[in-house]
Amino acid sequence: MSLPMTVPLLDLKAQYASLKSELDAAVLRVAASQYFILGPEVTRLEREMEEYLGVKHALGVSSGTDALLLALMGLGITAGDEVIVPTFSFFATAGVVSRLGARPVLVDIDPLTFNIDPAAVERAITPRTKGIVPVHLYGQSAAMAPLMEIAGRHGIAVIEDGAQAIGVRDADGRRVGGIGTVGCFSFFPSKNLGAFGDAGLITTNDSELYELMRIMRVHGGERRYYHSVIGGNFRLDEIQAAVLNVKLPHLDAWSEARRRNAARYNELFESRGLSEGPGRIAFDEKNRILTPAAVNEAAGVPDHHIFNQYVIRSERRDELKAWLTERGIGNEIYYPVPFHMQECFSDLGYRQGDFPEAERAARQVLAIPVYPELTDEQIQYVVDGVAEFCACVADC
Ligand SMILES: *Cc1c(COP(=O)(O)O)cnc(C)c1O
């Protein structure tokens, strides 16, 4: 069967084409310098990120996962400690806690935003709780004000997982990453700001914590071969930083384009009777979908969502996924299995049914293409694909 068009979930070649000469020059500049690790490009990235995110300190690291790991190490999280994490996120959010011998204490999500539920966090706190990890999932801020209030009252650190949310603002208009004790970002190629490989960033307003993490980034030694604390190799490459320095000035425009695409989807899905509008539908309707709610939009918060993913919900998600794939429409499930159902966490003692909102999300979510370079014809084609599916479900 020949398809009228195909729409990938993400088109990195389109973005590369738009900045090719600058990106190529940046990579070749590093090659000519033969300075590969933690050099001037990394320093420049750190200073520009501090400015962009409105935070005192930024530290370039090897990946988003390593940013989370190093942040927890800097905070002294260790065996016997508990860290509260949402059960619905990318694996790294909980994996890093276990790697330090600490216990990830899982909690459910708010079904409207897919983000950690502050009331559930409050209930999960014990005398062993050392940290809370709000994830700004899909590019929308978690409810930071209530989380910071809870953490402050109990003297607990807040580690923001902003891997999918660089540049987004919370309900009070603050850029994420500078709100909690420490913020963690990923520049994996599929994030809104993507490197040419693995890269990440840590942010904090705590100068003492920053100094400790900076030393831990290179095996815990300020002076080479003299180690004051145990760290690791969490260094960032110059080539990655050089690429990110070229891309950073375009980030806000790309995120704005994603917001425009999301708004276009919302409008088309609603006008064609496929949805009731963002965040509104009975979850069990068989022949319609739920479009994503941007909860801070109505309040006029700028950068209220950066749509790293545009995620719809369907009661017949698996059939819809197969239908779209057959029509050349890229899609993905983020994430099919919550942490409490993962084999590697079976010793934590959770059971199916413990976190109903996360389990329902895992059954229903489907990300569809929302990348900045998407054309209106492509958006129409995606919407047609969903519409034909819903019509078929209604008829057959
Ligand atoms: C991508 C991601 C990470 C990990 O980042 P890497 O750079 O791939 O290590 C962590 N948390 C979330 C929510 C992510 O989406």
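Note that the structure is a prediction, hence the values are computed from the model and not measured. Once a new chain begins, its residue numbering starts again from 1 and follows that chain's sequence as written. Local features in a predicted model are, by the rule used here, given only for residues with pLDDT of at least 70; side-chain atom pairs are given and counted only at 80 or more, and totals for whole chains, interfaces and linings are based on all residues. To obtain the side-chain values, all non-hydrogen atoms of the structure were included, while hydrogens and water were left out.

Each helix and strand counted, the protein chain has 12 helices and nine strands in total. Only C-alpha atoms enter the radius of gyration, while the globule expectation follows 2.2 Å times N to the 0.38, with N the number of residues. In terms of C-alpha radius of gyration, the protein chain reaches 21 Å, essentially the compact-globule figure of 21 Å for 396 residues. Exposure classes here rest on a 1.4 Å probe applied to the protein chains alone. A residue is buried below 20% of its type maximum, exposed above 50%, and partly exposed in between. Within the protein chain, buried positions represent 56% of all 396 residues. It only takes one pair of heavy atoms within 4.5 Å for two residues to be counted as in contact. If you take every contact in the protein chain between residues at least 6 apart in sequence, the share linking residues at least 24 apart comes to 71%. Only the protein chains shown count as cover for residues, and the accessible areas themselves come from Shrake-Rupley with a 1.4 Å probe. Carbon and sulfur atoms make up 53% of the accessible area of the protein chain, which totals about 16,500 Å². Charge-centre separation for the protein chain: the mean point of 38 positive side chains lies 3 Å from the mean point of 52 negative side chains. A run of H or I in DSSP counts as a helix once it spans at least four residues, and a run of E counts as a strand once it spans at least two, with each numbered from the N terminus. We score Asp and Glu as negative and Lys and Arg as positive, and we do not count His or the chain ends. A single reference atom marks each charge: NZ on Lys, CZ on Arg, CG on Asp, CD on Glu.

Lines fitted to the C-alpha atoms define the axes, with helices restricted to the stretch that makes contact. Angles between their N-to-C directions range from 0 to 180 degrees. The interhelical angle for the contact between helix α1 (residues 12-33) and helix α8 (residues 238-247), taken along N-to-C directions, is 140°, at an axis separation of 9 Å. Here α1 lies oblique to α8, going by the angle between them. In this structure, the crossing between α1 and α8 has a hand that is right-handed. Every residue of α8 that contacts α1 at Q15, L19, E22, L23, A26, V27 and V30 is listed here: E238, I239, A242, V243, V246 and K247. Its residues assigned to classes, the contact of α1 with α8 comprises nine nonpolar, one polar and three charged. Roughly parallel covers angles under 35 degrees, roughly antiparallel covers those over 145, roughly perpendicular covers 65 to 115, and oblique covers all other angles. In this scheme, a crossing is called left-handed if the near helix is turned counterclockwise away from the far one by less than a right angle; it is called right-handed if the turn is clockwise. Under the convention adopted here, Pro, Cys and the residues Ala, Val, Leu, Ile, Met, Phe, Trp and Tyr are nonpolar, Asp, Glu, Lys and Arg are charged, and Gly plus all remaining residues are polar.

Time to look at the pattern of salt bridges. Salt bridges are defined by distance alone: a side-chain nitrogen of Lys or Arg within 4 Å of a carboxyl oxygen of Asp or Glu. Tallied over the full model, the rule gives 27 salt bridges. R214 is paired through a salt bridge with E222; the nearest N and O atoms lie 3.0 Å apart. Look at E222 and you get exposed, because its relative accessible area is 54%. D303 is the salt-bridge partner of R259, the closest N and O atoms lying 3.4 Å from each other. Here R259, found in helix α9 (residues 251-271), pairs with D303, found in the loop between α9 and β8 (310-313); they are 44 residues apart in sequence, far enough to count as distant. D303 matches R259 in its accessibility class, with the two residues each being buried. Three or more residues joined by partner-sharing salt bridges are found here, namely R169, R175, D252, E256, R259 and D303.

Turning next to the side chain of E359. Looking at the element boundaries, E359 is found in helix α11 (residues 356-364). Although E359 is buried, it makes no salt bridge; R363 carries the closest opposite charge, 5.2 Å away. Polar contact is defined as a pair of N or O atoms within 3.5 Å, subject to the rule that within protein one atom must be able to donate a hydrogen and the other to accept it, and that residues adjacent in sequence are counted only when both atoms are side-chain atoms. Engagement of the side chain of E359 in a polar contact is seen with the backbone nitrogen of D354, the distance being 3.5 Å.

Here the rule is simple: two strands pair whenever DSSP picks up at least two bridges between them. Judged by pairing direction, the sheet is mixed, and its seven strands sit side by side in the order β1-β7-β6-β5-β4-β2-β3 without closing on themselves. With one partner strand each, in any of the chains shown, β1 (57-61) and β3 (103-107) form the two edges of the open sheet. Here the strands of the sheet are splayed against their neighbours by 25° on average, with no regard to which way each runs. Relative to strand β7 (residues 200-204), β1 is paired through five bridges, and the arrangement is antiparallel. Bridging across to β7, V61 finds its partner in G200. Sheet contacts for helix α3 (residues 64-74): β1, β5 (157-161), β6 (182-186) and β7; angle to β6, the most-contacted strand, approximately 160°.

Attention shifts here to the packing of α3 against helix α4 (residues 92-99). One can describe the packing of α3 onto α4 by two numbers: an axis separation of 9 Å at closest approach and a directional angle of 40°. When the axis of α3 is compared with that of α4, the two are oblique. Judged by the twist between their axes, the crossing of α3 over α4 is right-handed. Judged by residue contacts, T65, L68, L69 and L72 of α3 engage A92, T93, V96, V97 and R99 from α4.

In the region of the ligand, 16 residues are neighbours, and T65, D161, Q164, S186 and K191 sit closest. G64 places a polar main-chain atom, nitrogen or oxygen, 2.8 Å from an oxygen atom of the ligand. Interatomic distance of 2.5 Å between a side-chain N/O atom of T65 and an oxygen atom of the ligand. Against a free-state accessible area of 380 Å², the protein chains account for coverage of 93% of the ligand. Among the secondary structure elements, those contributing two or more residues to the shell around the ligand are α3 and α4. Here the element with the most residues in the shell around the ligand is α3; it accounts for three residues. One heavy atom suffices: a residue is near a molecule or strand as soon as one of its heavy atoms comes within 4 Å of it.

This brings us to the packing of aromatic side chains. Two rings belonging to Phe, Tyr or Trp (six-membered ring only in the last case) form a pair when the distance between their centres is within 6.5 Å. Interplanar angles under 30 degrees mark stacking, angles over 60 mark edge-to-face geometry, and anything in between is tilted. Considering all chains together, one arrives at 13 aromatic pairs under this definition. Centroid distance F90 to Y335: 6.1 Å. Interplanar angle 45°. Geometry classified as tilted. Highlighted residues: F90 in the loop between β2 (82-86) and α4 and Y335 in the loop between α10 (317-326) and α11, separated in sequence by 245 residues. On the accessibility criterion, Y335 (13% relative accessible area) is buried. A centroid spacing of 5.1 Å and a plane angle of 70° characterise the contact between F114 and Y138, whose relative ring orientation is edge-to-face. Here F114, found in the loop between β3 and α5 (118-124), pairs with Y138, found in the loop between β4 (129-132) and α6 (144-154); they are 24 residues apart in sequence, far enough to count as distant.

Another aspect to go through is α3. Where burial is concerned, most of α3 is hidden: 10 out of the 11 residues are buried. If you check which residues of α3 are buried, you get G64, D66, A67, L68, L69, L70, A71, L72, M73 and G74. Against β1, α4, β5, β6, β7 and α7 (207-216) lie the buried residues of α3. If you check the start of α3, you find a side-chain oxygen 3.4 Å away from the backbone N of T65, and it comes from S63. G76 sits one or two positions beyond α3 and adopts a positive phi of about 75°.

From the geometry alone we can't say anything about function, so treat these as descriptive.
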